[in-house]
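Topology and contacts: notes
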Number of protein chains: 2
Amino acid sequence: MSVTAPQGFRAAGVVAGLKDSGARDLALVVNDGPSRAAAGVFTRNRVKAAPVLWSEQVLKGGRVRAVVLNSGGANACTGPAGFQDTHATAEKVAEVLDDSAGEIAVCSTGLIGERLPMDALLSGVDAAGGELTRGDGGLAAADAIRTTDTVAKIAFRQGAGGYMIGGMAKGAGMLAPSLATMLCVITTDADLDAAALDRALRAATGVTLDRLDADGCMSTNDTVLLLASGASGVTPDEAAFTALLTEVAADLTRQLLVDAEGASKAITIEVVGAGSEDDAVTVGRSIARNNLLKCAIHGEDPNWGRVLSAVGTTDAVFEPAHLNVAINGVWVCRNGSVGDDRDKVDLRPRDVTITVDLSAGPHSATVWTTDLTAEYVHENSAYST
Amino acid sequence: MSVTAPQGFRAAGVVAGLKDSGARDLALVVNDGPSRAAAGVFTRNRVKAAPVLWSEQVLKGGRVRAVVLNSGGANACTGPAGFQDTHATAEKVAEVLDDSAGEIAVCSTGLIGERLPMDALLSGVDAAGGELTRGDGGLAAADAIRTTDTVAKIAFRQGAGGYMIGGMAKGAGMLAPSLATMLCVITTDADLDAAALDRALRAATGVTLDRLDADGCMSTNDTVLLLASGASGVTPDEAAFTALLTEVAADLTRQLLVDAEGASKAITIEVVGAGSEDDAVTVGRSIARNNLLKCAIHGEDPNWGRVLSAVGTTDAVFEPAHLNVAINGVWVCRNGSVGDDRDKVDLRPRDVTITVDLSAGPHSATVWTTDLTAEYVHENSAYST
């Protein structure tokens, strides 16, 4: 199902020959309308891949007919020629759909700094155009955007009145800080205009995909797109739509977290008692990026000192002597000092929750991360696909 | 030699019993004058260990009679009781030396969040007081401050007119961002006042110890102290003294870099063409903290795309299309895109140099880091000593 769960969407995933493995590597998601309203959020990295630069322009128009996505190459740091490749890809999709390239979004993922094999890619677009379906196409598309992902990530929910939201995502490394975790396409058959979609998408990703920080490395290609066909004829309440969209985004976020490269633990960092939500996120990210703590959790060592040392590097409002830390529910640090017996902490389960109470206000935020493992090092020492 | 290379200093390193291993774990460095002028720089982490809070107060007076240092426990996040332990340690040293506790600096390193075994520690101070020497004491002290350091780090240089600067340092993990890498004591028999020492120390550490960023994890205990006995009777030119001090600090920095936990590569990141020195340092640190790049260098993969993606996360002045990157002298990225053949890069040597040209101005800076290895993960998953 995934992106084809809502009415009005077809999709395909094919083998274009971009990956040496012979696996699917090109996906096409088509919105057959009647609406083409769309919104997008993109990486905040200042070094942006060609498809990000292209798709940012497309989304300014608030309309998307189709999204073409490829794995097997990021088309980042490829200069003007790389941008021409993205443009040519959009033109090819437009030709296949007999539509305008200006409403074709493009996403790429894979190695930075290499040109895409355009003959293979454009032939792949032709092939995908011939395989567009409402059913299996959504799964094939989700499969085709995988790089080091071990599984395809899909999610869908039904809203009041019968409209649907569906989505797919990929991302296993370079899962990072700023907005949108790698590639994600979410579709809906609700009837909402581009401005409403944009508000809903920013609200939903702001507390889900944007707060997943597996390795602190911000991608050049991160893109999250939301496409609405309006085919259900339902115009939902915006708050209810945003809540449902947030559920879908949270579901995909969780799937990305659990499948992150080399991870053996899924770590939820809850920051409470913060002076502001920004402070809570800042503290959460600082903890999420502390390699020593991530190693300790991997070793099932409730090393709360490493939590405090990470908190101490931030400019959030707090007093060191008022910090409290719980690991899996045991308050091992109280008032900045030794709390309950750390031997009571059971770190054997895959899921780990670290709660930090800043004792500075009523705000809170949750950030997710993984442990740091030898497998992560191995995978990223050898990665060149 | 180390801290006892200059005249007027005695030192000792003893087994106090703080470490389970039975290795030396307590060091004492005593300045016999005639001067006691001193300066210090401390971690910028807001969660500061008790000995840092204590020593910051001592250094405000600009005079230090002795420094007592222990491994086997950081005395961080130990609350008011931990601060009393530090105070009691300084009082004990004062008693042994028949001096004032207000001029005794204290440094600790080891696990955060546990009280020190004070009986053992105070007995150790007694023992150290009985073993103070000018010769071997300096080496024993350097040995006693090791935690996961595989070797003791010492350095010394002679200045014009015959004065000496000597130093010792420790630090293998939590080697980080802000000022002073773990514990470092530098001594000199030059005759300079506290203000001159402070200027020289900040200048020297600012371009050496402060730019070593092995794992991005800022310690709660980082301390660098500079003690002057004046025993040589030489008052050197301040610029010449600063240059010599910088040499000693750079020597110690290099030793810390090469011995960092699990490291198989010593990476020098040169940022040139920056709009300001701050920009150059910011970009250098961002690269130094990019786990994916650190894994790639470990795998001897000249993955310059990961360099650019790290640069892109900063707010430094640059245009993505004007970035150039060389790895070990091969300009693999020119104008933000593919440059010379990456297969020409030889990453087999231990020393790796990454040069980033921001094409934005005349400023530059160098930051040092290590690769990320399975050994780092292993060492920090198991560490609890």
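Rules and cut-offs
- Residues numbered from 1 in each chain as written.
- Chains lettered and ligands numbered in written order.
- Predicted model: local features only at pLDDT ≥ 70, side-chain atom pairs only at ≥ 80, totals over all residues.
- Heavy atoms only, no water.
- UniProt positions renumbered as here; feature names shortened; annotations may be inferred.
- Helix = DSSP H or I, 4+ residues; strand = E, 2+ residues; numbered from the N terminus.
- Domains from an automatic or database assignment.
- Contact = heavy atoms within 4.5 Å.
- Buried area = accessible area lost by both parts, 1.4 Å probe.
- Salt bridge = Lys/Arg side-chain N within 4 Å of Asp/Glu carboxyl O.
- Least-squares fit on C-alpha atoms with pLDDT ≥ 70 in both.
- Pairing = 2+ DSSP bridges.
- Axes fitted to C-alpha atoms, helices over the stretch in contact; angles between N-to-C directions.
- Buried < 20%, exposed > 50% of the residue type's maximum accessible area, 1.4 Å probe, protein only.
- Polar contact = N/O pair within 3.5 Å; in protein donor to acceptor, adjacent residues only side chain to side chain.
- Parallel < 35°, antiparallel > 145°, perpendicular 65-115°, else oblique.
- Left-handed = near helix turned anticlockwise from the far one by under 90°.
- Nonpolar A, V, L, I, M, F, W, Y, C, P; charged D, E, K, R; others polar.
- Phe/Tyr/Trp six-rings, centres within 6.5 Å; stacked < 30°, edge-to-face > 60°.
- Lys NZ or Arg CZ within 6 Å of the ring centre and 35° of its normal.
- Right-handed = clockwise from strand over helix to strand, strands pointing away.

Looking at an unreviewed UniProt entry, chain A carries the name Arginine biosynthesis bifunctional protein ArgJ, with the source organism given as Actinomadura rugatobispora. Regarding chain A, the UniProt comment filed under Subcellular location (unreviewed entry) reads as follows: "Cytoplasm". Of the comments in the UniProt record for chain A, the one headed Subunit (unreviewed entry) reads "Heterotetramer of two alpha and two beta chains."

1. Points about unusual backbone geometry
All names here are of chain A. Between Gly33 and the following residue, Pro34, the backbone shows a cis peptide bond with an omega angle of 20°. Topologically, Pro34 is positioned in the loop between β2 (26-31) and β3 (38-42). In the Ramachandran plot, Cys77 falls in the positive-phi region, its phi being about 60° despite a non-glycine side chain. Of note, Cys77 is situated in the loop between β4 (66-70) and α2 (79-97).

2. Re the domain arrangement of chain A
Residues and elements named next belong to chain A. Each domain of chain A was delimited in the assignment, giving domain 1 (2-258) and domain 2 (266-382). Residue-level contacts link 15 residues of domain 1 with 17 residues of domain 2. Summed over both partners, the interface of domain 1 with domain 2 buries about 1400 Å², with 45% contributed by carbon and sulfur atoms. Looking at the side of domain 1 facing domain 2, the largest losses of area belong to Arg211, Asp213 and Leu257, adding up to 48% of the total buried there. Between Arg211 and Glu277 there is a salt bridge, with the nearest N and O atoms lying 2.6 Å from each other.

3. Re the relation of the copies chain A and chain B
The transform that puts chain A on chain B rotates by 180° and translates by 0.0 Å along the axis, for an RMSD of 0.0 Å. When the rotation and shift are considered jointly, the pair of chain copies conforms to a two-fold rotation axis. Proximity to the rotation axis, assessed at the C-alpha, singles out Ala374 of chain A in chain A; its C-alpha lies 2.2 Å from the axis.

4. Some points on the sheet that holds strand β7 (residues 164-170) of chain B
All names here are of chain B. What the 5 strands build is an open sheet, ordered β3-β9-β8-β7-β6; its pairing is mixed. Each edge of the sheet is formed by a strand with only one pairing partner; in this case those strands are β3 (38-42) and β6 (153-158). Strand after strand, the sheet turns through a mean of 10° between neighbouring axes, direction not considered. Direction of pairing for β3 relative to strand β9 (residues 223-228): antiparallel, over a ladder of 5 bridges.

5. Description of the UniProt feature "binding site: substrate" (unreviewed entry) in chain A
Residues and elements named next belong to chain A. The UniProt record marks Thr147, Lys170, Thr181, Glu261, Asn380 and Thr385 with the feature "binding site: substrate" (unreviewed entry), using the residue numbering of this structure. Tracing the backbone through its elements, the reader meets Thr147 in the loop between α4 (136-144) and β6 (153-158). For Thr147, a relative accessible area of 25% gives the class partly exposed.

6. Some points on the environment of Ser100 of chain B
All names here are of chain B. Mapped onto the elements of the fold, Ser100 is located in the loop between α2 (79-97) and β5 (104-108). Residues Ser100 and Ala66 lie 34 residues apart in sequence; the distance between their C-alpha atoms is 10.0 Å. Among the polar contacts made by the side chain of Ser100, one reaches the main-chain amide nitrogen of Gly102 at a distance of 3.1 Å.

7. Comments concerning the environment of Leu28 of chain A
Residue and element names in this part refer to chain A. With respect to the helices and strands, Leu28 occurs in strand β2. Residue classification places Leu28 among the buried residues on the basis of a relative accessible area of 1%. Measuring from C-alpha to C-alpha, the distance between Leu28 and Val93 comes to 8.7 Å, with 65 residues separating the pair along the chain. Ignoring sequence-local partners within four residues, the contact set of Leu28 consists of Arg10, Ala11, Ala12, Ala66, Val67, Val68, Val93, Ala128, Gly129 and Leu132.

8. Some remarks on helix α8 (residues 291-298) of chain A
All names here are of chain A. Taken across its 8 residues, α8 has 7 buried, putting it largely inside the fold. Of the residues making up α8, those classed as buried are Asn291, Leu292, Leu293, Lys294, Cys295, Ala296 and Ile297. Looking at the residues trailing α8, positive phi occurs at Glu300, about 60°.

9. Examining the packing of helix α7 (residues 277-288) of chain A against helix α9 (residues 304-311) of chain A
Any two packed helices are characterised by the angle at which their axes cross and by the distance between the axes. All names here are of chain A. Close contact between α7 and α9 brings their axes to 8 Å; oriented N to C, the two are set at 130°. With respect to α9, the axis of α7 lies oblique. As for how α7 packs across α9, the hand of that crossing is right-handed. Residues Val283, Ser286 and Ile287 of α7 lie in contact with α9, whose contacting residues are Val307, Ala310 and Val311.

10. Thoughts on the interface of chain A and chain B
Taken together, the contact pairs 48 residues of chain A with 48 residues of chain B. Both faces considered, chain A and chain B share a buried interface measuring about 3900 Å² in area, 60% of it formed by carbon and sulfur atoms. Broken down residue by residue, the surface that chain A buries against chain B is led by Arg46, Asn291 and Leu292 of chain A, which jointly contribute 17%. Taken together, chain A and chain B are joined by 0 salt bridges. Linking chain A with chain B are 19 residue pairs in polar contact (both at pLDDT 80 or more), by the criterion used here. Elements with a contribution of two residues or more to the side of chain A that touches chain B: α8, α9, β13 (337-338) and α10 (374-382) of chain A. Each residue belonging to the side of chain A that touches chain B can be placed in one class, and the counts come to 22 nonpolar, 20 polar and 6 charged.

11. A short note on the packing of aromatic side chains
The full count for this structure, using the stated rule, is 4 aromatic pairs over all chains. Here the aromatic rings of Tyr163 of chain A and Phe241 of chain A are separated by 5.9 Å at their centres, their planes lie at 35°, and the arrangement is tilted. Note that Tyr163 of chain A is positioned in the loop between β6 and β7 (164-170) and Phe241 of chain A in helix α6 (residues 238-258), a separation of 78 residues in sequence. Here the two residues Tyr163 of chain A and Phe241 of chain A agree in accessibility, since each one is buried. Sitting above the plane of the Phe318 of chain A ring, Arg46 of chain B keeps its charged end 3.9 Å from the centroid.

12. A few points about the pattern of salt bridges
Counting across every chain of the model gives 54 salt bridges over all chains. We note a salt bridge from Glu95 of chain B to Lys92 of chain B, for which the minimum N-O separation is 3.7 Å. One end of the pair is Glu95 of chain B and the other is Lys92 of chain B, both in helix α2 and 3 residues apart, which spans about a single turn. Using a relative accessible area of 56% as the deciding quantity, one classes Glu95 of chain B as exposed. Here Lys153 of chain B makes a salt bridge to Asp149 of chain B, at a shortest N to O gap of 2.6 Å. Each member of the pair, Lys153 of chain B as well as Asp149 of chain B, carries the same accessibility label: buried. Overlapping salt bridges bring together Arg10, Asp32, Arg36, Arg63, Arg65, Asp99 and Glu103 of chain A as one network.

13. Digging into the pairing of strand β4 (residues 66-70) of chain B
Residues and elements named next belong to chain B. Of all 5 residues in β4, 5 are buried; the element is thus mostly enclosed. Relative to β4, strand β2 (residues 26-31) is paired through 5 bridges, and the arrangement is antiparallel. Across the sheet, residue Leu26 finds its bridge partner in β4, namely Asn70. Here β4 pairs with β5 via 5 bridges, running parallel. Looking at the pairing, Val68 lines up with Val106 of β5. A crossover links β4 with its parallel partner β5, the connecting element being α2, and its sense is right-handed.

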